[in-house]
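Structural overview
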Amino acid sequence: MASGISAKHGLLTTKYSVFNSLQRKILPHAICIQRPTEVKCLRASTNSTIESQHNEKYCIDIVRSRDYDGFVSSLLLPEDARRSSLALRAFNVELAQVKDSVSQKTIGLMRMQFWKTTVEEIYRDDPPVQPVSAELWRAVKKHYLTKRWMLRIISEREKDMEDRAYRNLQELEAYSDNTQSSLLYLLLESLGVKDVHADHAASHIGKAQGIVMCLRATPYNSSRRKVYLPMDICMLHRASQEDFIRGSREQNVRDVVYDIASQAHVHLKHARSFSKNIPASAFPAFLQTVVLEDYLQRVQRVDFDVFHPSLQKRNPLIPIQLYIRSWKKTY
(Lines give C-alpha, C1' and ligand atoms only; values in the text may rest on other atoms or scores of the structure.)
Protein backbone atom coordinates (compact mmCIF):
# COMPACT_ATOMS: atom_id res chain seq x y z
CA MET A 1 0.00 0.00 0.00
CA ALA A 2 2.76 2.31 0.95
CA SER A 3 4.50 1.74 -2.34
CA GLY A 4 1.20 2.44 -4.13
CA ILE A 5 0.84 5.79 -2.46
CA SER A 6 4.42 6.61 -3.26
CA ALA A 7 3.90 5.72 -6.89
CA LYS A 8 0.72 7.78 -7.02
CA HIS A 9 2.45 10.87 -5.58
CA GLY A 10 5.34 10.33 -7.89
CA LEU A 11 3.00 10.27 -10.85
CA LEU A 12 1.29 13.47 -9.73
CA THR A 13 4.63 15.16 -9.28
CA THR A 14 5.65 14.13 -12.76
CA LYS A 15 2.38 15.40 -14.21
CA TYR A 16 2.72 18.78 -12.53
CA SER A 17 6.33 19.02 -13.63
CA VAL A 18 5.33 18.33 -17.25
CA PHE A 19 2.43 20.83 -16.94
CA ASN A 20 4.72 23.57 -15.66
CA SER A 21 7.21 22.85 -18.39
CA LEU A 22 4.53 23.09 -21.07
CA GLN A 23 3.16 26.29 -19.50
CA ARG A 24 6.58 27.92 -19.67
CA LYS A 25 6.87 26.96 -23.35
CA ILE A 26 3.33 27.88 -24.39
CA LEU A 27 2.80 30.92 -22.10
CA PRO A 28 6.30 32.22 -21.44
CA HIS A 29 4.95 35.41 -19.77
CA ALA A 30 2.37 33.78 -17.51
CA ILE A 31 4.65 33.26 -14.54
CA CYS A 32 6.27 36.68 -14.98
CA ILE A 33 3.05 38.63 -14.82
CA GLN A 34 3.82 40.09 -11.35
CA ARG A 35 7.54 40.48 -11.76
CA PRO A 36 7.49 43.96 -13.34
CA THR A 37 5.30 45.18 -10.47
CA GLU A 38 7.60 43.63 -7.92
CA VAL A 39 10.61 45.20 -9.62
CA LYS A 40 8.87 48.58 -9.69
CA CYS A 41 8.00 48.32 -5.99
CA LEU A 42 11.58 47.36 -5.19
CA ARG A 43 12.93 50.23 -7.27
CA ALA A 44 10.48 52.69 -5.71
CA SER A 45 11.46 51.52 -2.25
CA THR A 46 15.17 51.76 -3.08
CA ASN A 47 14.77 55.20 -4.67
CA SER A 48 12.78 56.42 -1.67
CA THR A 49 15.50 55.22 0.69
CA ILE A 50 18.26 56.79 -1.41
CA GLU A 51 16.36 60.09 -1.58
CA SER A 52 15.78 60.06 2.18
CA GLN A 53 19.48 59.44 2.80
CA HIS A 54 20.37 62.24 0.39
CA ASN A 55 18.04 64.65 2.20
CA GLU A 56 19.48 63.74 5.57
CA LYS A 57 23.06 64.12 4.31
CA TYR A 58 22.25 67.51 2.81
CA CYS A 59 21.00 68.76 6.18
CA ILE A 60 24.00 67.30 7.99
CA ASP A 61 26.44 68.96 5.57
CA ILE A 62 24.83 72.39 5.64
CA VAL A 63 24.60 72.46 9.44
CA ARG A 64 28.14 71.18 9.87
CA SER A 65 29.54 73.85 7.54
CA ARG A 66 27.39 76.81 8.66
CA ASP A 67 26.50 76.03 12.28
CA TYR A 68 29.22 73.77 13.62
CA ASP A 69 28.35 74.29 17.28
CA GLY A 70 24.72 73.45 16.55
CA PHE A 71 25.87 70.40 14.61
CA VAL A 72 27.89 69.02 17.53
CA SER A 73 25.04 69.79 19.93
CA SER A 74 22.62 67.88 17.69
CA LEU A 75 24.86 64.81 17.70
CA LEU A 76 24.51 64.65 21.48
CA LEU A 77 20.71 64.57 21.39
CA PRO A 78 18.81 61.30 21.90
CA GLU A 79 18.70 59.30 18.67
CA ASP A 80 14.94 59.76 18.35
CA ALA A 81 15.36 63.54 18.07
CA ARG A 82 18.74 63.83 16.37
CA ARG A 83 17.61 63.81 12.75
CA SER A 84 14.76 66.22 13.43
CA SER A 85 17.14 68.59 15.21
CA LEU A 86 19.44 68.65 12.19
CA ALA A 87 16.44 69.35 9.95
CA LEU A 88 15.38 72.28 12.14
CA ARG A 89 18.89 73.68 12.26
CA ALA A 90 19.23 73.30 8.48
CA PHE A 91 15.97 75.22 8.10
CA ASN A 92 17.38 77.95 10.36
CA VAL A 93 20.62 78.07 8.37
CA GLU A 94 18.74 78.36 5.06
CA LEU A 95 16.88 81.38 6.40
CA ALA A 96 19.91 82.97 8.06
CA GLN A 97 22.03 82.92 4.92
CA VAL A 98 19.42 84.58 2.70
CA LYS A 99 20.39 88.08 3.82
CA ASP A 100 24.07 87.65 2.93
CA SER A 101 23.52 85.66 -0.26
CA VAL A 102 21.34 88.11 -2.20
CA SER A 103 22.29 91.41 -3.79
CA GLN A 104 18.76 92.80 -3.79
CA LYS A 105 16.21 92.93 -1.00
CA THR A 106 13.42 91.88 -3.40
CA ILE A 107 15.15 88.59 -4.14
CA GLY A 108 15.58 87.97 -0.42
CA LEU A 109 11.90 88.60 0.20
CA MET A 110 11.01 86.18 -2.58
CA ARG A 111 13.07 83.49 -0.88
CA MET A 112 11.36 84.19 2.43
CA GLN A 113 8.01 83.84 0.70
CA PHE A 114 9.15 80.51 -0.70
CA TRP A 115 9.80 79.26 2.85
CA LYS A 116 6.46 80.59 4.09
CA THR A 117 4.71 78.68 1.30
CA THR A 118 6.87 75.64 2.01
CA VAL A 119 5.85 75.53 5.67
CA GLU A 120 2.18 75.77 4.72
CA GLU A 121 2.61 72.94 2.22
CA ILE A 122 4.45 70.82 4.78
CA TYR A 123 1.46 71.04 7.09
CA ARG A 124 -0.78 70.04 4.18
CA ASP A 125 1.35 66.92 3.68
CA ASP A 126 2.55 68.23 0.32
CA PRO A 127 6.15 69.39 0.81
CA PRO A 128 8.10 70.63 -2.21
CA VAL A 129 10.89 68.47 -3.61
CA GLN A 130 13.73 70.03 -1.66
CA PRO A 131 16.00 68.30 0.91
CA VAL A 132 15.38 70.58 3.89
CA SER A 133 11.64 70.71 3.17
CA ALA A 134 11.46 66.91 3.03
CA GLU A 135 13.34 66.53 6.31
CA LEU A 136 11.18 69.19 7.97
CA TRP A 137 8.06 67.37 6.83
CA ARG A 138 9.42 64.17 8.35
CA ALA A 139 10.13 65.98 11.66
CA VAL A 140 6.67 67.57 11.72
CA LYS A 141 4.97 64.22 11.14
CA LYS A 142 7.05 62.52 13.79
CA HIS A 143 6.93 65.11 16.57
CA TYR A 144 3.83 67.18 15.74
CA LEU A 145 5.88 70.40 15.67
CA THR A 146 4.08 73.71 16.03
CA LYS A 147 3.76 75.63 12.76
CA ARG A 148 3.60 78.99 14.54
CA TRP A 149 7.24 78.82 15.66
CA MET A 150 8.48 78.18 12.12
CA LEU A 151 6.46 81.02 10.69
CA ARG A 152 7.66 83.33 13.46
CA ILE A 153 11.29 82.61 12.54
CA ILE A 154 10.58 83.37 8.88
CA SER A 155 8.67 86.59 9.64
CA GLU A 156 11.45 87.91 11.87
CA ARG A 157 14.14 87.05 9.32
CA GLU A 158 12.02 88.80 6.71
CA LYS A 159 11.90 91.99 8.79
CA ASP A 160 15.67 91.74 9.23
CA MET A 161 16.07 92.18 5.48
CA GLU A 162 15.83 95.92 6.17
CA ASP A 163 19.58 95.69 6.86
CA ARG A 164 19.90 98.32 9.59
CA ALA A 165 21.31 98.52 13.09
CA TYR A 166 19.08 97.67 16.04
CA ARG A 167 17.72 100.84 17.58
CA ASN A 168 18.16 99.57 21.10
CA LEU A 169 19.01 96.44 23.07
CA GLN A 170 15.33 95.56 23.47
CA GLU A 171 14.97 95.35 19.69
CA LEU A 172 17.92 92.95 19.49
CA GLU A 173 16.38 90.87 22.28
CA ALA A 174 13.03 90.75 20.48
CA TYR A 175 14.73 89.61 17.28
CA SER A 176 16.65 86.95 19.21
CA ASP A 177 13.52 85.75 20.97
CA ASN A 178 11.57 85.42 17.71
CA THR A 179 14.37 83.52 15.96
CA GLN A 180 16.66 81.65 18.37
CA SER A 181 14.08 81.07 21.12
CA SER A 182 11.53 79.83 18.56
CA LEU A 183 14.10 77.32 17.32
CA LEU A 184 14.62 76.12 20.89
CA TYR A 185 10.85 75.68 21.37
CA LEU A 186 10.85 73.42 18.31
CA LEU A 187 13.84 71.46 19.65
CA LEU A 188 12.00 70.96 22.93
CA GLU A 189 9.01 69.61 21.01
CA SER A 190 11.26 67.20 19.13
CA LEU A 191 12.43 65.95 22.53
CA GLY A 192 8.83 65.50 23.63
CA VAL A 193 9.09 68.23 26.27
CA LYS A 194 6.11 70.43 27.06
CA ASP A 195 6.94 72.38 30.18
CA VAL A 196 6.38 76.05 31.04
CA HIS A 197 9.67 76.33 32.96
CA ALA A 198 11.58 74.83 30.03
CA ASP A 199 9.91 77.39 27.75
CA HIS A 200 10.97 80.24 30.05
CA ALA A 201 14.55 78.97 30.07
CA ALA A 202 14.47 78.60 26.28
CA SER A 203 13.31 82.21 25.92
CA HIS A 204 16.26 83.53 27.94
CA ILE A 205 18.81 81.22 26.28
CA GLY A 206 17.53 82.26 22.85
CA LYS A 207 17.96 85.93 23.73
CA ALA A 208 21.46 85.30 25.05
CA GLN A 209 22.34 83.40 21.90
CA GLY A 210 21.09 86.16 19.61
CA ILE A 211 23.11 88.75 21.52
CA VAL A 212 26.28 86.65 21.44
CA MET A 213 25.85 85.96 17.73
CA CYS A 214 25.57 89.69 17.10
CA LEU A 215 28.83 90.27 18.96
CA ARG A 216 30.65 87.38 17.29
CA ALA A 217 29.63 88.61 13.84
CA THR A 218 30.80 92.19 14.49
CA PRO A 219 34.31 91.81 12.96
CA TYR A 220 32.88 90.14 9.84
CA ASN A 221 30.10 92.70 9.46
CA SER A 222 32.50 95.58 10.07
CA SER A 223 34.75 94.32 7.27
CA ARG A 224 31.71 94.71 4.99
CA ARG A 225 31.05 98.20 6.41
CA LYS A 226 27.98 96.98 8.27
CA VAL A 227 27.24 97.59 11.95
CA TYR A 228 24.21 96.06 13.65
CA LEU A 229 24.99 96.69 17.33
CA PRO A 230 22.26 98.52 19.30
CA MET A 231 22.48 102.25 18.57
CA ASP A 232 21.37 103.35 22.03
CA ILE A 233 24.37 101.70 23.70
CA CYS A 234 26.74 102.98 21.02
CA MET A 235 25.44 106.51 21.56
CA LEU A 236 25.71 106.11 25.33
CA HIS A 237 29.45 105.49 25.02
CA ARG A 238 30.00 107.89 22.09
CA ALA A 239 31.06 105.08 19.77
CA SER A 240 30.29 105.70 16.11
CA GLN A 241 29.67 103.16 13.39
CA GLU A 242 32.93 104.29 11.83
CA ASP A 243 34.76 103.20 15.00
CA PHE A 244 33.58 99.65 14.44
CA ILE A 245 34.14 99.73 10.69
CA ARG A 246 37.81 100.59 11.19
CA GLY A 247 38.12 98.00 13.97
CA SER A 248 38.79 100.43 16.80
CA ARG A 249 39.98 98.90 20.07
CA GLU A 250 39.50 102.06 22.12
CA GLN A 251 37.87 102.01 25.54
CA ASN A 252 34.54 103.40 24.37
CA VAL A 253 34.16 100.52 21.87
CA ARG A 254 35.05 98.02 24.62
CA ASP A 255 32.42 99.61 26.87
CA VAL A 256 29.76 99.02 24.22
CA VAL A 257 30.78 95.36 24.01
CA TYR A 258 30.82 95.07 27.81
CA ASP A 259 27.25 96.35 28.14
CA ILE A 260 25.92 94.04 25.43
CA ALA A 261 27.83 90.99 26.70
CA SER A 262 26.61 91.69 30.24
CA GLN A 263 23.00 91.46 29.07
CA ALA A 264 23.69 88.07 27.49
CA HIS A 265 25.19 86.91 30.79
CA VAL A 266 22.08 88.10 32.66
CA HIS A 267 19.86 86.02 30.36
CA LEU A 268 22.02 82.93 30.91
CA LYS A 269 21.78 83.44 34.65
CA HIS A 270 17.99 83.73 34.46
CA ALA A 271 17.76 80.60 32.31
CA ARG A 272 19.75 78.58 34.86
CA SER A 273 17.51 79.75 37.69
CA PHE A 274 14.82 77.45 36.26
CA SER A 275 17.05 74.36 36.16
CA LYS A 276 15.60 72.72 39.30
CA ASN A 277 12.08 72.86 37.88
CA ILE A 278 12.89 71.65 34.36
CA PRO A 279 12.67 67.96 33.38
CA ALA A 280 16.06 66.42 32.60
CA SER A 281 14.79 65.45 29.15
CA ALA A 282 14.86 69.16 28.21
CA PHE A 283 18.54 69.72 29.02
CA PRO A 284 19.92 68.44 25.67
CA ALA A 285 18.10 71.29 23.89
CA PHE A 286 20.09 73.78 25.98
CA LEU A 287 23.62 72.50 25.26
CA GLN A 288 24.29 75.69 23.28
CA THR A 289 24.81 77.44 26.63
CA VAL A 290 28.29 75.86 26.64
CA VAL A 291 29.19 77.78 23.48
CA LEU A 292 27.68 81.03 24.75
CA GLU A 293 29.47 80.77 28.07
CA ASP A 294 32.76 80.03 26.32
CA TYR A 295 32.53 83.15 24.14
CA LEU A 296 31.54 85.40 27.05
CA GLN A 297 34.49 84.15 29.10
CA ARG A 298 36.92 84.61 26.22
CA VAL A 299 35.74 88.14 25.43
CA GLN A 300 36.11 89.00 29.11
CA ARG A 301 39.69 87.68 29.12
CA VAL A 302 40.64 90.07 26.30
CA ASP A 303 39.00 92.99 28.12
CA PHE A 304 35.99 93.06 25.77
CA ASP A 305 38.05 93.72 22.67
CA VAL A 306 35.62 92.26 20.14
CA PHE A 307 38.26 92.50 17.39
CA HIS A 308 40.87 90.43 19.24
CA PRO A 309 42.24 87.71 16.91
CA SER A 310 41.71 84.96 19.50
CA LEU A 311 37.94 85.47 19.31
CA GLN A 312 37.93 84.65 15.61
CA LYS A 313 39.25 81.15 16.27
CA ARG A 314 37.02 78.22 17.16
CA ASN A 315 37.70 76.70 20.56
CA PRO A 316 38.83 73.10 19.80
CA LEU A 317 37.70 71.98 23.25
CA ILE A 318 34.04 72.86 22.64
CA PRO A 319 33.02 69.33 21.52
CA ILE A 320 34.56 67.87 24.70
CA GLN A 321 32.90 70.49 26.87
CA LEU A 322 29.56 69.80 25.21
CA TYR A 323 29.96 66.07 25.82
CA ILE A 324 30.80 66.61 29.51
CA ARG A 325 27.80 68.93 29.96
CA SER A 326 25.60 66.38 28.23
CA TRP A 327 26.93 63.61 30.49
CA LYS A 328 26.33 65.69 33.62
CA LYS A 329 22.81 66.53 32.38
CA THR A 330 23.15 70.23 33.16
CA TYR A 331 23.11 73.42 31.14
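Throughout, residues of each chain are indexed from 1 in the direction in which the sequence is written. Where local features are concerned, this predicted model is filtered to residues with pLDDT of at least 70; where side-chain atom pairs are given and counted, the filter is 80 or more; whole-chain, interface and lining totals use all residues. With hydrogens and water excluded, all non-hydrogen atoms of the structure serve as input to the side-chain values.

**Observations concerning the packing of helix H6 (residues 105–122) against helix H8 (residues 147–159)**
- Where H6 meets H8, the closest approach of the two axes is 10 Å, and the angle between their N-to-C directions is 175°. Put simply, H6 runs roughly antiparallel to H8. Residues Leu109, Met112, Trp115, Lys116, Val119 and Glu120 of H6 lie in contact with H8, whose contacting residues are Lys147, Met150, Leu151, Ile154, Ser155, Arg157 and Glu158.
- Looking at the contact of H6 with H8 residue by residue, the classes come out as seven nonpolar, one polar and five charged. All axes are obtained by fitting lines to C-alpha atoms, using only the stretch in contact for helices, and the reported angles, taken between N-to-C directions, cover 0 to 180 degrees. Numbering of helices and strands starts at the N terminus; helices are DSSP runs of H or I of at least 4 residues and strands are runs of E of at least 2. For classification purposes, an angle smaller than 35 degrees is called roughly parallel, one larger than 145 roughly antiparallel, one from 65 to 115 roughly perpendicular, and anything else oblique. Throughout, a contact is declared for two residues whenever any of their heavy atoms are within 4.5 Å. Gly is put with the polar residues, along with every residue not named as nonpolar or charged; the nonpolar set is Ala, Val, Leu, Ile, Met, Phe, Trp, Tyr, Cys and Pro, and the charged set is Asp, Glu, Lys and Arg.

**Considerations on the environment of histidine 54**
- Within the secondary structure, histidine 54 is located in helix H2 (residues 35–66).
- Under the scheme applied here, a residue whose accessible area is under 20% of the maximum for its type counts as buried, over 50% as exposed, and between as partly exposed, the area being computed with a 1.4 Å probe on protein chains only. Given the relative accessible area of 46%, histidine 54 is considered partly exposed.
- Expressed as a C-alpha distance, the spacing of histidine 54 and proline 131, which sit 77 residues apart in the sequence, is 7.5 Å.

**Here's the deal with the packing of helix H3 (residues 68–75) against helix H4 (residues 79–96)**
- Taken N-terminus to C-terminus, the directions of H3 and H4 make an angle of 165°; their axes are 9 Å apart at the nearest point. Considered as vectors, H3 and H4 are oriented roughly antiparallel to each other. Note on packing geometry: the crossing formed by H3 with H4 is right-handed. Mapping the contact onto sequence places Gly70, Phe71, Ser74 and Leu75 in H3 and Arg82, Ser85, Leu86 and Arg89 in H4. Should the near helix be turned counterclockwise from the far one by less than a right angle, the crossing is left-handed, whereas a clockwise turn marks it as right-handed.

**Regarding the pattern of salt bridges**
- The salt bridge criterion pairs a side-chain nitrogen of Lys or Arg with a carboxyl oxygen of Asp or Glu, the two atoms within 4 Å. What the rule picks out here adds up to 25 salt bridges.
- Across the pair glutamate 135 and arginine 83 runs a salt bridge, and its minimum N-O distance is 2.7 Å. Highlighted residues: glutamate 135 in helix H7 (residues 131–143) and arginine 83 in helix H4, separated in sequence by 52 residues. Arginine 83 matches glutamate 135 in its accessibility class, with the two residues each being buried.
- Arginine 325 is the partner of glutamate 293 in a salt bridge, and the nearest nitrogen-oxygen pair spans 3.1 Å.

**Describing a nonpolar patch on the surface**
- The patches reported here contain residues having more than 30% relative accessible area and no salt bridge. Joining distances are 9 Å for like charges and 5 Å for nonpolar side chains (Val, Leu, Ile, Met, Phe, Trp, Tyr). Here the Shrake-Rupley method, with its probe set to 1.4 Å, supplies the accessible areas, and only the displayed protein chains count as covering residues. A cluster of nonpolar residues, Leu317, Ile320, Tyr323, Ile324 and Trp327, forms a patch on the protein surface that exposes about 590 Å² of accessible area.
- Within the secondary structure layout, isoleucine 320 lies in helix H16 (residues 318–328).

**Section: the nonpolar core**
- In this structure, Phe91, Met150, Leu229, Phe244, Ile278, Phe286 and Tyr331 are the most contacted members of the largest nonpolar core, which totals 87 residues.
- For phenylalanine 244, the residues in contact, after removing those within four places along its chain, are Thr218, Ser222, Val227, Leu229, Cys234, Ala239, Val253, Val256 and Phe307. Definition used in this section: a nonpolar core is a set of buried Ala, Val, Leu, Ile, Met, Phe, Trp, Tyr and Cys residues joined via side-chain atoms within 4.5 Å.

**Things to note about unusual backbone geometry**
- Here the phi dihedral of aspartate 163 falls at roughly 60°; this positive angle occurs in a residue that is not glycine.
- Relative to the elements of secondary structure, aspartate 163 occurs in the loop between H8 and helix H9 (169–190).
- Of note, the phi angle at phenylalanine 304 is positive, near 60°, even though the residue is not glycine.
- Along the chain, the position of phenylalanine 304 falls in the loop between helix H15 (289–301) and H16.

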